[in-house]
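Examining the three-dimensional arrangement
Each chain, letter by letter, is given below.
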Amino acid sequence: MTQTTSFPIHDIDTVPEAAISPRKAWPSGLLPWLAGPAWFVAAFVTWFWPDADDFPATDSLAIVFAIMGIILVPAALLRRFSAKAPWMIALALGFAAWEGVQAKLLLLPRPFFGTPQDLLDVFMTDWHKLGDSLLHSLGLLAVGYITGSLLGIAIGVGLGRSARFRYWVQPVIRLVGPLPPVALLPLAFVIIPSSWAASEALMALASAFPVIVLTWSGISAVDPAYYDVARTMGARDRFLVFRVALPAAAPQIFVGLFMGLGMSFAMLVVAEMLGVKSGLGFYMQWAQGWAAYPNMYAALVVMSLMCTGLITILFRIRDRILGWQKDGLKW
Amino acid sequence: MVNATMTPLGIQLDNVSHGYDIGGRFTPVLENVNLNIAPGEFIALLGPSGCGKSTLLRLVAGLEAPHAGRILADGAPITGPGPDRIVMFQDPTLYPWRSVRANVALSQDISGRVDNAAVDATIAMVGLQGFERAWPHQLSGGMAQRAALARALVNNPRLLILDEPLGKLDSLTRLTMQTELLRLWQDRGFTVIMVTHDVEEALLLATRVITFSSRPASVVSDINIDLPYHRHRDDPHLLALRRDILVQLGHSADW
Ligand SMILES: Nc1ncnc2c1ncn2[C@@H]1O[C@H](COP(=O)(O)OP(=O)(O)O)[C@@H](O)[C@H]1O
Ligand SMILES: [Mg+2]
């Protein structure tokens with residue numbers, strides 16, 4: 001719950017957040033102070049232990065690790081950091097181990113398993129193309145997802161509130177909705193002249209289906225008494241839809257938006273690998289074609305950050321809008 | 001805050017009949033109900049459970065149109081819901097996504113005529129100051145019902161329609177709310193139509209008690225209660241009326 005009230009009302013059955021926070025799981029006061037040194041260890045391993053082969057960017061990597069260490073030493077003073085300290089230590093040791101196993105000892109088959117410095121080198125030399133691909137992916141995703149979501153909410157409201165709309169639209173939804181949108185890809189590339197427009201259409205379709213179903217079910221479940229209350233005060237349809245039905249159904253609609261976002265991620269990658277000649281999916285495809293595995297991994301990292309970032313944004317919006325809910329999942 | 005020009009509404013039911021399709025069969029719920037409610041009266045409706053009291057209130061509120069007969073408000077037929085006839089339901093039905101204050105201000109949001117002073121004054125009147133920013137799930141049952149009352153009263157309705165408004169409250173909260181309701185009615189002078197299942201509550205509050213038959217409901221008795229306020233529940237006259245009414249509702253006289 002993001003909203004706080006200025007007076008003491010507590011629900012007995014809600015667990016105070018402090019009781020389940022990692023701060024309590026790691027009571028040690030020493031741990032935050034080990035995070036910085038752990039990164040110095042990683043920097044030390046990288047810098048002083050000679051590479052097994054001629055890798056690029058080893059020095060840069062050691063410097064990056066050292067900078068992490070320098071930042072994290074004073075961070076130990078922050079109360080909020082103590083919860084993240086165990087993760088920071090694990091991350092540093094993980095990098096150090098990866099560095100030792102692959103860059104220094106070469107224990108794993110070479111082209112497929114890269115080293116941390118390979119990855120860093122891609123980011124340093126190819127960041128421009130990676131950033132460009134990210135922007136293209138985001139653009140493609142935004143248009144398709146936002147169109148699909150708005151359409152999905154509108155159709156869901158129509159299904160939930162109008163019998164005539166339901167009569168004509170429900171059979172179509174039942175026929176087309178469950179079909180994996182990927183199955184329509186070959187068809188879409190043929191009948192829609194531009195591959196960009198075809199991908200947008202499919203992405204909108206992919207994200208719309210879960211949004212439609214959950215909006216519909218949310219609207220159908222609205223307590224009819226909510227409408228009666230507003231109607232006795234003279235509310236018209238517009239108010240009933242936008243100020244009663246949609247807020248009441250909002251918790252379900254957000255579940256649909258979340259699922260739709262996942263569907264549109266999948267559609268995005270497929271579209272970029274098969275049709276659209278830009279974006280992270282296209283970059284990955286291209287990297288794989290040239291056996292440039294570090295580039296593929298770098299694109300994967302960027303894509304994963306993009307996806308989790310977008311989901312985080314969606315959950316932030318949800319937390320804002322659904323602050324009135326007694327409880328809610330924390331992303 | 002009080003709209004000085006507010007005049008209470010008079011309601012007239014002429015041979016009103018209504019029914020529903022239940023499981024494919026038409027079931028009459030109200031049959032030839034005739035009722036004349038003068039402006040400013042406090043009417044209590046009593047009747048067996050399921051007889052059609054809530055249905056009657058929905059018709060007066062304009063949420064549904066009667067199958068037969070006419071319902072007039074100040075002589076004009078009721079064609080739909082209107083903000084001068086406010087309903088308070090048995091459940092508070094506060095919107096969980098609105099703060100207490102936003103719930104009370106609902107009718108103003110709908111009409112677009114914002115009057116913050118009236119909202120604040122009404123919240124204070126029902127004793128919810130300090131809880132304006134609370135969410136409904138943070139209120140106790142009695143507080144939620146008072147918020148619903150404030151929501152109903154904020155725009156100074158001419159007719160207050162109450163459907164077992166205190167039915168779910170504990171007996172102490174109930175007594176307090178009864179007193180508040182009476183005081184509000186005396187202060188403001190609106191017309192009240194209240195359904196209750198508590199004969200004593202009806203006799204303590206109403207100027208007129210009307211009993212209904214079981215479904216399909218029609219008026220069985222119509223009793224004026226000519227007792228001054230503040231009434232006492234042990235008043236022998238009131239106890240006698242109580243016995244009469246219970247007999248009309250089908251209980252034996254020696255109950
Ligand atoms: N919307 C509806 N659809 C079908 N039947 C209804 C509806 N509303 C009420 N009824 C039926 O009408 C009868 C009277 O209901 P109601 O007016 O709620 O009784 P009460 O006197 O207990 O308030 C009941 O038998 C109920 O089943
Ligand atoms: Mg009822």
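Thresholds, definitions, all that
Residues numbered from 1 in each chain as written. Chains lettered and ligands numbered in written order. Predicted model: local features only at pLDDT ≥ 70, side-chain atom pairs only at ≥ 80, totals over all residues. Heavy atoms only, no water. Helix = DSSP H or I, 4+ residues; strand = E, 2+ residues; numbered from the N terminus. Buried < 20%, exposed > 50% of the residue type's maximum accessible area, 1.4 Å probe, protein only. Contact = heavy atoms within 4.5 Å. Areas by Shrake-Rupley, 256 points an atom, 1.4 Å probe, with all protein chains shown as cover. Domains from an automatic or database assignment. Buried area = accessible area lost by both parts, 1.4 Å probe. Pairing = 2+ DSSP bridges. Axes fitted to C-alpha atoms, helices over the stretch in contact; angles between N-to-C directions. Salt bridge = Lys/Arg side-chain N within 4 Å of Asp/Glu carboxyl O. Core = buried A, V, L, I, M, F, W, Y, C linked by side-chain atoms within 4.5 Å. Near = heavy atom within 4 Å. Polar contact = N/O pair within 3.5 Å; in protein donor to acceptor, adjacent residues only side chain to side chain. Nonpolar A, V, L, I, M, F, W, Y, C, P; charged D, E, K, R; others polar. Phe/Tyr/Trp six-rings, centres within 6.5 Å; stacked < 30°, edge-to-face > 60°. Patch = residues over 30% accessible without salt bridge, like charges linked within 9 Å, V, L, I, M, F, W, Y side chains within 5 Å. Parallel < 35°, antiparallel > 145°, perpendicular 65-115°, else oblique. Left-handed = near helix turned anticlockwise from the far one by under 90°.

Topic: the overall build of chain A
- Secondary structure summary: chain A contains 13 helices and zero strands in total.
- When the 331 residues of chain A are sorted by exposure, 42% land in the buried category.
- Contacts in chain A between residues far apart in sequence, at least 24 positions, make up 72% of those at least 6 positions apart.
- Carbon and sulfur atoms make up 71% of the accessible area of chain A, which amounts to about 18,300 Å² in all.

Section: the domain arrangement of chain A
All names here are of chain A.
- Partitioning chain A into domains gives domain 1 (20-104) and domain 2 (116-321).
- For domain 1 versus domain 2, the separation of C-alpha centres amounts to 37 Å.
- Between domain 1 and domain 2, the residue contacts involve 12 residues of the former and seven residues of the latter.
- Between domain 1 and domain 2 lies a buried interface of about 770 Å² when both sides are counted; carbon and sulfur atoms form 73% of it.
- Among the residues of domain 1 in contact with domain 2, Pro56, Leu61 and Trp98 are the three that bury the most area, contributing 48% of the side total.

Quick word on the sheet that holds strand 2 (residues 25-37) of chain B
Residues and elements named next belong to chain B.
- Taken together, the four strands give an open sheet; going across it, the order is 2-1-4-5, and neighbouring strands pair in antiparallel fashion. One side of each edge strand has no neighbouring strand; the edge strands of this open sheet are strand 2 and strand 5 (76-77).
- As judged from the five bridges shared by strand 1 (residues 11-22) and strand 4 (residues 68-73), these two strands associate in the antiparallel manner. Across the sheet, residue leucine 13 finds its bridge partner in strand 4, namely isoleucine 71.
- Sheet strands touched by helix 1 (residues 53-61): strand 1, strand 2 and strand 4. Its angle to strand 1, the strand with the most contacts, is close to 120°.

Overview of the interface of chain B and chain A
- Residue-level contacts link 29 residues of chain B with 26 residues of chain A.
- Here chain B and chain A share an interface that buries about 2,600 Å² over both sides, 67% of which is from carbon and sulfur atoms.
- Contact with chain A buries area across many residues of chain B, yet Trp97, Ile110 and His137 of chain B alone supply 27% of it, more than any other trio.
- The tally of links between chain B and chain A comes to two salt bridges.
- Linking arginine 243 of chain A and aspartate 109 of chain B is a salt bridge whose minimum nitrogen-to-oxygen distance equals 3.3 Å.

Some words on the nonpolar core
- Membership of the largest hydrophobic core comes to 144 residues, with the highest contact counts inside it found for Val244 of chain A together with Ile11, Leu13, Leu45 and Val209 of chain B.
- For this core, the element with the most residues is helix 11 (residues 237-274) of chain A, which contributes 16 residues.
- When residues no more than four places from it in sequence are discounted, the contact partners of valine 209 of chain B are Ala44, Leu46, Ala202, Leu203, Ser221, Asp222, Ile223, Ile225 and Ile245 of chain B.
- Membership of the second largest hydrophobic core comes to 16 residues, among which are Trp39, Ala43, Phe65 and Leu120 of chain A.

Things to note about the site of ligand 1
Residues and elements named next belong to chain B.
- By nearness alone, every residue bordering ligand 1 is listed as Tyr20, Ile22, Val29, Ser49, Gly50, Cys51, Gly52, Lys53, Ser54, Thr55 and Arg215.
- Between ligand 1 and glycine 50 there is a distance of 2.7 Å, counted from an oxygen atom to a backbone nitrogen or oxygen.
- A distance of 2.8 Å is found between an oxygen atom of ligand 1 and a side-chain nitrogen or oxygen belonging to arginine 215.
- Protein chains shield 64% of the accessible area of ligand 1, which is 560 Å² for the free molecule.
- Of all the secondary structure elements, the ones that give two or more residues to the shell around ligand 1 are strand 1 and helix 1.
- With three residues, helix 1 is the single largest residue contributor to the shell around ligand 1.
- Residues of the shell around ligand 1, tallied by class, amount to four nonpolar, five polar and two charged.

Details of the packing of aromatic side chains
All names here are of chain A.
- Summed over the entire model, instances satisfying the criterion amount to 17 aromatic pairs over all chains.
- Both rings, one in phenylalanine 112 and one in phenylalanine 113, keep their centres 5.6 Å apart while their planes meet at 90°; by these two values the pair is edge-to-face.
- Residue phenylalanine 112 is classed as partly exposed on the basis of its relative accessible area of 40%.
- Among the residues examined, phenylalanine 113 registers a relative accessible area of 36% and is labelled partly exposed.
- An angle of 70° between the planes, with centres 5.0 Å apart, marks the rings of phenylalanine 112 and tyrosine 293 as edge-to-face.

A closer look at a nonpolar patch on the surface
- Taken together, the side chains of Trp49, Val101, Leu105, Leu107, Leu108, Phe112 and Phe113 of chain A make up a nonpolar region of the molecular surface, amounting to roughly 620 Å² of accessible area.
- Mapped onto the elements of the fold, valine 101 of chain A is located in helix 5 (residues 85-104).

Things to note about the pattern of salt bridges
- Per the counting criterion, the structure on display carries 20 salt bridges over all chains.
- Across the salt bridge formed by arginine 58 of chain B and aspartate 228 of chain A, the nearest N and O atoms sit 2.7 Å from each other. Of the two residues, arginine 58 of chain B is situated in helix 1 and aspartate 228 of chain A in helix 10 (residues 224-232); the pairing between them involves two chains.
- Judged by its relative accessible area of 22%, arginine 58 of chain B is partly exposed.
- The residue aspartate 109 of chain B makes a salt bridge to arginine 98 of chain B at a minimum N-O spacing of 3.0 Å.

Here we look at the packing of helix 6 (residues 116-161) of chain A against helix 11 of chain A
All names here are of chain A.
- Axis separation between helix 6 and helix 11 bottoms out at 7 Å; the angle between their running directions is 140°. Accordingly, the angle class assigned to the pair helix 6 and helix 11 is oblique. Between helix 6 and helix 11 lies a crossing whose hand is right-handed.
- For the contact of helix 6 with helix 11, a count of residues per class yields 14 nonpolar, four polar and three charged.

Points about the domain arrangement of chain B
Residues and elements named next belong to chain B.
- We note that the domain assignment places domain 1 (1-84 + 158-255) and domain 2 (94-156) within chain B.
- For domain 1 versus domain 2, the distance between C-alpha centres works out to 24 Å.
- Counting residues at the interface gives 16 residues for domain 1 and 13 residues for domain 2.
- Buried area between domain 1 and domain 2, both sides added, is near 1,300 Å², and the carbon and sulfur share of it is 66%.
- Counting every contact that joins domain 1 to domain 2 gives zero salt bridges.

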